[in-house]
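Structural description and commentary
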Amino acid sequence: MLRRLAVQLSSSHQRRLFNASFPQFLAPRLSPSFSSTSTSSSSSSSSSSSQSPQKHSHEPSSDSELVKHLKGIVKFRGGPITVAEYMEEVLTNPKAGFYINRDVFGAEGDFITSPEVSQMFGEMVGVWAMCLWEQMGRPSRVNLVELGPGRGTLMADLLCGVSKFKNFTESLHIHLVECSPTLQKLQRSNLKCVDEGSSGGDGDTRTISKLVGTPVSWHVALEEVPSGVPTIIVAHEFYDALPVHQFQRATRGWFEKMIDVAENSSFQFVLSPKSTPATLFLMKRCKWASPEELNKLEQIEVCPKAMELTEAIATRLSGDGGGALIIDYGLDGVVSDSLQAIRKHKFVHILDNPGTADLSAYVDFASIRHSAEEASENVSVHGPITQSQFLGSLGINFRVEALLQNCTDEQAESLRTGYWRLVGDGEAPFWEGPDEQAPLGMGTRYLVMAIVNKGQGIPIPFQ
Ligand SMILES: C[S@@+](CC[C@H](N)C(=O)[O-])C[C@H]1O[C@@H](n2cnc3c(N)ncnc32)[C@H](O)[C@@H]1O
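Residues numbered from 1 in each chain as written. Predicted model: local features only at pLDDT ≥ 70, side-chain atom pairs only at ≥ 80, totals over all residues.

1. A look at the overall build of the chain
Inclusion rule: The way it works is that DSSP assigns letters per residue, a run of H or I at least four long becomes a helix, a run of E at least two long becomes a strand, and they are numbered from the N terminus. Contact criterion: two residues are in contact if their C-beta atoms, reconstructed from the backbone, are within 7 Å.
Of regular secondary structure, the chain possesses 16 helices and 20 strands. Contacts spanning at least 24 positions in sequence make up 76% of the contacts within the chain whose residues lie at least 6 apart.

As structure tokens, then:
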């Protein structure tokens, strides 16, 4: 059935694959040499990989609004802020956060993600969602929720891919959880949305995606999405944008890494001299780990927002039925020191000109599993498996073959490159251009996990 679905995906959906050939030099969001214990930026520019917090030397000539705001918080508080507070402000401050006012994706942006690499990514997620819908007993109404949809590319490709399967598309109400008004507008445009009068004749309008005629709504948080309806949730590169707290081992235990304003007015890392509120989450996380795992670590990252989000997802799925798919880079275990900053496809210092670079951290999939299982007995957690296993099992090989049957040489090149980047590991073996421009595979560094209501059985391809 999966093979059939992968080949049958709407044949007219060949728009982006054949139009977009991304320059090879573009790095995915995760650097190839990045590991959980050291960032690939040079040690002099990555304070997060050093054992003792250091002062950051770069001082902008004039402070941006966001920098003034951050310094204002430190001043008002009379002390340093946590790395998590810093990360949250930098990414999602309603006035000047990194995501808020611009399109950060693609060649002109700061990084590239799998849905932007090839339409096949969104199509395969569509195959997964439709199979889950079958397992759910083909409900006539389903909330299809995407957390952090970026440009809306994944959802557009998903919908175009399943457009032939009317029973499925007619059941859908799309809910996009997005904090950025700029990206909301882009999503609206990419999903070809129009406003229509509601069928109830009450004067209200509703927004419809012309791609398949489904209603679309936007929310700034999952809690706003109406419950009481079977739900399918997709979170691709959403968890890695959630703010992390960083702790460092010292002789007297674990201490939280904080961000302060130095005498020369630049930001610097300091250690909190005493226990902080986030220590509760550190203790919770450590309880889920073995002493052997913890003994190896000098630093630990914890993400309370990821724990809370997972609890909310599990509780919702437990009551309403359905499942969630989480795809991100990360580890199936405690994350040590992974926070990184990327601007214009290059690593930069985390404290450098905040608001102009993306901040992201490895996702702790083990913590997601424990959070879901503790939140509800009615859900089961599957994976993580690698992105390569996930896409391969869903039939991406058949899909690429089907697309290759009807394309030019240039399009075939673009297809092969996109395919490699989604499922490959390391540099593409077929690449004949300059080494530094070789396409890099994300197939093993990105992991996939599913949380489902137990009533749905085991989701594909986790059986
Ligand atoms: C790294 S991007 C991933 C985009 C997309 N999923 C992709 O793979 O191309 C993170 C997305 O989540 C959104 N986002 C980040 N933090 C958020 C938050 N706290 N609430 C809602 N949306 C958020 C960003 O605006 C952006 O759309």
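2. Points about the sheet that holds strand 15 (residues 358-360)
Which entries qualify depends on this criterion: In short, DSSP must find at least two bridges between two strands for them to pair. Helix axes are fitted only over the stretch in contact, all axes being lines through C-alpha atoms; the angle between N-to-C directions runs from 0 to 180 degrees.
Strand order in the open sheet formed by three strands is 14-13-15, and the pairing between neighbours is antiparallel. Each of the sheet's edge strands pairs with one partner strand only, and the pair in question is strand 14 (346-348) and strand 15. For this sheet, the mean angle separating the axes of adjacent strands, direction not counted, is 40°. Across three bridges, strand 13 (residues 340-343) lies against strand 14 in antiparallel orientation. Note that in strand 14 the partner of I342 across the bridge is F347.

3. Considering the site of the ligand
Here is the rule: For each residue, a C-beta position is placed from the backbone atoms; the residue is near a molecule or strand when that point lies within 6 Å of it.
Residues in contact with the ligand amount to 21 residues; listed here are only the nearest, Y99, T113, G148, G150 and C179. Among the secondary structure elements, those contributing two or more residues to the shell around the ligand are helix 4 (83-92) and helix 5 (114-117).

4. As for helix 10 (residues 279-287)
Convention followed: Working definition of burial: number of other C-beta atoms within 10 Å of the residue's own, with buried at 20 or more, exposed at 12 or fewer, and partly exposed in between, all C-beta atoms being placed from the backbone. What the arc describes is the spread of directions from the helix axis to the C-beta atoms.
Among the residues of helix 10, those classed as buried are F281, L282 and R285. All buried residues of helix 10 fall inside an arc of 105° around its axis, so they share one side. Opposite its buried face, helix 10 presents the exposed residues L280, M283 and K287, each directed more than 90 degrees away. Along its buried surface, helix 10 packs onto strand 8 (245-250), strand 9 (253-261), strand 11 (299-302), helix 12 (304-320) and helix 13 (365-375).

5. Quick look at the packing of helix 6 (residues 119-135) against helix 15 (residues 396-404)
Convention followed: Angular relationships are summarised with four words: roughly parallel below 35 degrees, roughly antiparallel beyond 145, roughly perpendicular across 65 to 115, and oblique for the angles in between. Handedness of a crossing is defined here by the sense of rotation of the near helix relative to the far one, left-handed for an anticlockwise turn of less than a right angle and right-handed for a clockwise turn.
One can describe the packing of helix 6 onto helix 15 by two numbers: an axis separation of 11 Å at closest approach and a directional angle of 130°. Considered as vectors, helix 6 and helix 15 are oriented oblique to each other. For helix 6 against helix 15, the interelement crossing comes out right-handed. Here M120, E123 and M124 of helix 6 lie close against helix 15, whose contacting residues are I396, R399 and V400.

6. Quick look at the environment of D63
By the element assignment, D63 lies in the loop between helix 2 (15-19) and helix 3 (65-77). With 14 C-beta atoms counted inside 10 Å, the residue D63 sits in the partly exposed group.

7. Structural notes on the pairing of strand 13
Alignment of strand 13 against strand 15, held across three bridges, turns out to be antiparallel. By the bridge assignment for strand 15, I342 is matched with D358. The turn joining strand 13 and strand 14, which pair antiparallel and follow one another in sequence, is formed by two residues; a positive phi near 50° is taken by K344.

8. Description of the nonpolar core
Put simply, the test is: For the purposes of this analysis, a nonpolar core is taken to be any set of buried Ala, Val, Leu, Ile, Met, Phe, Trp, Tyr and Cys residues that are connected through C-beta atoms within 7 Å.
Residues M124, V125, A129, A324, L325, L422 and I451 are the most contacted members of the largest nonpolar core, which totals 123 residues. Counting residues per element, this core draws most heavily on helix 6, which supplies 10 residues. Contacts of A129, omitting those with residues within four sequence positions, involve L144, L158 and I232.

9. So, the packing of helix 12 against helix 13
Applicable threshold: Polar here means any residue other than Ala, Val, Leu, Ile, Met, Phe, Trp, Tyr, Cys and Pro, which are nonpolar, and Asp, Glu, Lys and Arg, which are charged; Gly is therefore polar.
Running from amino to carboxyl end, helix 12 crosses helix 13 at an angle of 45°, the nearest separation of the two axes being 8 Å. By the angle between their directions, the pair helix 12 and helix 13 is classed as oblique. Considering how the two elements wind past one another, helix 12 and helix 13 form a crossing that is right-handed. Across the interface between the two elements, A306, M307, T310, E311, A314 and T315 of helix 12 pack against S367, I368, S371, A372 and A375 of helix 13. Looking at side-chain class alone, the contact of helix 12 with helix 13 contains six nonpolar, four polar and one charged residues.

10. Quick look at the environment of V117
The residue V117 is located in helix 5 in this model. Distance from V117 to L422, taken between C-alpha atoms, is 7.7 Å for residues 305 residues apart in sequence.

11. Here's the deal with helix 9 (residues 181-190)
When we look at burial in helix 9, the residues that qualify are L183, L186 and Q187. One face of helix 9 carries all of its buried residues, which in axial projection span an arc of 100°. Those residues of helix 9 that are buried lie in contact with strand 3 (172-177). Looking one or two residues past helix 9, K192 carries a phi angle of roughly 50°, positive in sign.

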